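Single-letter residue listing:
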Amino acid sequence: MSTQQDNDELLPTQTENYRVSEKKAVDELQNLDANDESLNKWKASLGLGQAELRFPDDKRTVIVQALVLQSGDHVIRMDVSNEKAIEELSKRTVSIKEGIEYTFKIEFVVQREVVSGLVFLQKLKRLNVTVERTEDMCGSFGPKYETQEKRFPVATAPSGMLARGVYNIRSRFVDDDGVVHLDWTWKLEIKKEW
C-alpha cells in the first residue's frame, strides 16, 4: 500500500456542504459582542483571555501529551509529548489481554488560539492489511493552561486465536482546518493473558 493511500485513509470524514468558518485571533473573538453576558461566560469557558502559556517556548497550538489505555486496574500511559518519547514508543510493543473492555483517553494542551473540530483517527493493520479504522470527534477547545482530555467510549479487544498477535497502529490528531497536530505509529499486541 502506498504512502498516499495511508494518508488518505487517515483523513477525517468530510460533511457535505460544511464549510469551516474563517479563523479569528483570540483577541478578535474576545472583543466580539463584548456586552453579551452569556456569550462572555461561554468565551471564558473556552479560556479566551488567558495570557499564561503552559509551554511558551513550544510554537505548537495543540500539544498532545499522552494516550492512555485503561482496563480495570491496568493503566497504560503512552507518552507522545515530544519526538524522543514518540520514538521510544515506536520501539516497544504495548500488550493487552484479549477480550477485555477498555477505554482510551487522550491528554493535550491547547495554547495561543481556539482549535475547532479536533478529530482523533486511528488505523490498525495486521500483516499489512487494514483491519480497523476509527474516527472520533473530540470537539473544539480554547487555550487553557491546564491539560484537557477527551475520553472515548468503552471498547472490547478482539479475542480468539486469530485475533491474538501484533497490530501496527497509526494515530493522528487533526482539526477542521486540516492541521495535523500529531501523527505517530505504535504497536499493540493482543495476548491470551496480561
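Shown above is the structure to which this text applies.
Because the structure is a prediction, the values reported are computed rather than measured.

Here we take up the environment of Arg-133. Tracing the backbone shows Arg-133 in strand 6 (residues 129-141). Within the structure, the side chain of Arg-133 is placed 3.2 Å from the side chain of Glu-135, a separation counted as a polar contact.

It is worth spelling out the pairing of strand 5 (residues 115-126) at this point. A regular strand places its side chains so that they alternate between the two faces of the sheet. For strand 5, the tally of buried residues reaches ten of twelve residues, placing the bulk of the element in the interior. Strand direction decides the pairing type here: strand 5 and strand 6, joined by ten bridges, are antiparallel. Looking at the pairing, Lys-123 lines up with Arg-133 of strand 6. Between strand 5 and strand 6, which pair antiparallel and follow one another directly, the connecting turn spans two residues, one of which, Leu-127, has a positive phi of 55°. When strand 5 meets strand 9 (residues 165-174), the two strands line up antiparallel, connected through seven bridges. Looking across to strand 9, one finds that Leu-124 is bridged to Ile-169.

What follows is about the side chain of Ser-71. Along the chain, Ser-71 falls in strand 1 (residues 62-71). At 2.8 Å, the side chain of Ser-71 forms a polar contact with the backbone oxygen of Glu-101. Apart from the residues lying within four places of it in its own chain, the contact partners of Ser-71 are Ile-100, Glu-101, Tyr-102 and Trp-194.

Among the residues of helix 4 (residues 83-91), Ala-85, Ile-86 and Leu-89 are the ones counted as buried. End-on, the buried residues of helix 4 take up no more than an arc of 100°, which puts them together on one face. Turned more than 90 degrees from where helix 4 packs its buried face, Glu-83, Lys-84 and Lys-91 sit exposed. Its buried side turned inward, helix 4 meets strand 2 (74-79), strand 3 (93-97) and strand 10 (180-191). The distance from a side-chain oxygen at the start of helix 4 to the backbone nitrogen of Lys-84 is 3.1 Å, and the residue carrying that oxygen is Asn-82.

Calculation notes
Residues numbered from 1 in each chain as written. Predicted model: local features only at pLDDT ≥ 70, side-chain atom pairs only at ≥ 80, totals over all residues. Heavy atoms only, no water. Helix = DSSP H or I, 4+ residues; strand = E, 2+ residues; numbered from the N terminus. Polar contact = N/O pair within 3.5 Å; in protein donor to acceptor, adjacent residues only side chain to side chain. Buried < 20%, exposed > 50% of the residue type's maximum accessible area, 1.4 Å probe, protein only. Pairing = 2+ DSSP bridges. Contact = heavy atoms within 4.5 Å. Arc of directions from axis to C-beta.

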